[in-house]
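Fold and geometry: a report
Residues per chain, in single letters:
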Amino acid sequence: MGVEAVMTCADYTTADDGDRTALAIEYGQVLSNECIAPNVYVMTLTAPRTARLCKPGQFVNVRLPKNGTELLRLPFSVYGVLQELGAIEIMYQVL
C-alpha cells in the first residue's frame, strides 16, 4: 500500500532499571488493510522490532510521518503479531 507509519512501543529489554522503560521507535509500512466486518478493519504493518517486543493486547502509538501537517499520535492495541513477517496487526472500527 505504500503508506508509512511511525510506531512507538515500550522496550523493557533496554530499560536500565525496573522503574524506567525505554521506547522503541520504528518506521513501517502498511501491508494490508482488510475489512473483517461492517466498519471493522484489521491493518497489518511491517514492524520487525515492534513484533519482537510486543504481544497482543499491548499498546503501540501510531502516527503518520510529517507531511506538512502534523497529525496526532494515536494509541492502538496490538491485535496480532506475525513474527514470520516481522509485522503487527491492529484492529479498529470506523464510526
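Residues numbered from 1 in each chain as written. Predicted model: local features only at pLDDT ≥ 70, side-chain atom pairs only at ≥ 80, totals over all residues. Heavy atoms only, no water.

1. Details of the overall build of the protein chain
- A count of helical and extended segments in the protein chain gives one helix and six strands.
- Overall, the protein chain shows an N-to-C arrangement of helices and strands of β-β-β-α-β-β-β.
- Looking at the protein chain as a whole, 32% of its 95 residues are labelled buried.
- The contacts of the protein chain with a sequence gap of at least 6 include a subset with a gap of at least 24, amounting to 51%.
- Looking at the protein chain as shown, the accessible area adds up to about 6200 Å², and 55% of this sits on carbon and sulfur atoms. (Helix = DSSP H or I, 4+ residues; strand = E, 2+ residues; numbered from the N terminus. Buried < 20%, exposed > 50% of the residue type's maximum accessible area, 1.4 Å probe, protein only. Contact = heavy atoms within 4.5 Å. Areas by Shrake-Rupley, 256 points an atom, 1.4 Å probe, with all protein chains shown as cover.)

2. Quick word on unusual backbone geometry
- With a phi angle near 65°, Asn39 is a residue other than glycine that sits in the positive phi range.
- By relative accessible area, Asn39 is classed as partly exposed at 42%.

3. Observations regarding the packing of aromatic side chains
- One pass over the full model with this rule turns up one aromatic pair.
- Ring geometry for Tyr41 against Tyr92: centres 5.5 Å apart, planes inclined by 15°, an arrangement best described as stacked. With Tyr41 in strand β3 (residues 40–46) and Tyr92 in strand β6 (residues 87–93), this residue pair connects regions lying 51 residues apart in the sequence.
- A relative accessible area of 24% means that Tyr41 is categorised as partly exposed.
- Residue Tyr92 is classed as partly exposed on the basis of its relative accessible area, which comes to 21%. (Phe/Tyr/Trp six-rings, centres within 6.5 Å; stacked < 30°, edge-to-face > 60°.)

4. Observations concerning the environment of Ile25
- With respect to the helices, strands and loops of the structure, Ile25 is situated in strand β2 (residues 22–37).
- C-alpha separation for the pair Ile25 and Val60, spaced 35 residues apart in sequence, amounts to 9.8 Å.

5. Here's the deal with the pairing of β6
- Bridge count between β3 and β6: seven bridges; the pairing is antiparallel. Bridge pairing in β6 places Val42 opposite Met91.
- As defined by bridge partners, strand β5 (residues 74–82) adjoins β6 across four bridges and the pair is classed as antiparallel. Counted as the bridge partner of Gly80 is Glu89 from β6.
- The hairpin turn running from β5 into β6, its antiparallel successor, is four residues long, and Gly86 in that turn takes a positive phi close to 65°. (Pairing = 2+ DSSP bridges.)

6. Some words on the nonpolar core
- Membership of the largest hydrophobic core is limited to 12 residues, which are Cys9, Ala24, Val30, Leu45, Ala47, Ala51, Cys54, Val60, Val62, Val78, Ile88 and Ile90.
- Secondary structure elements with two or more residues in this core: β2, β4 (59–63) and β6.
- The residues touching Ile90, leaving out its near neighbours within four places in the chain, are Tyr41, Val42, Met43, Leu45, Val60, Val62, Phe76, Ser77 and Tyr79. (Core = buried A, V, L, I, M, F, W, Y, C linked by side-chain atoms within 4.5 Å.)

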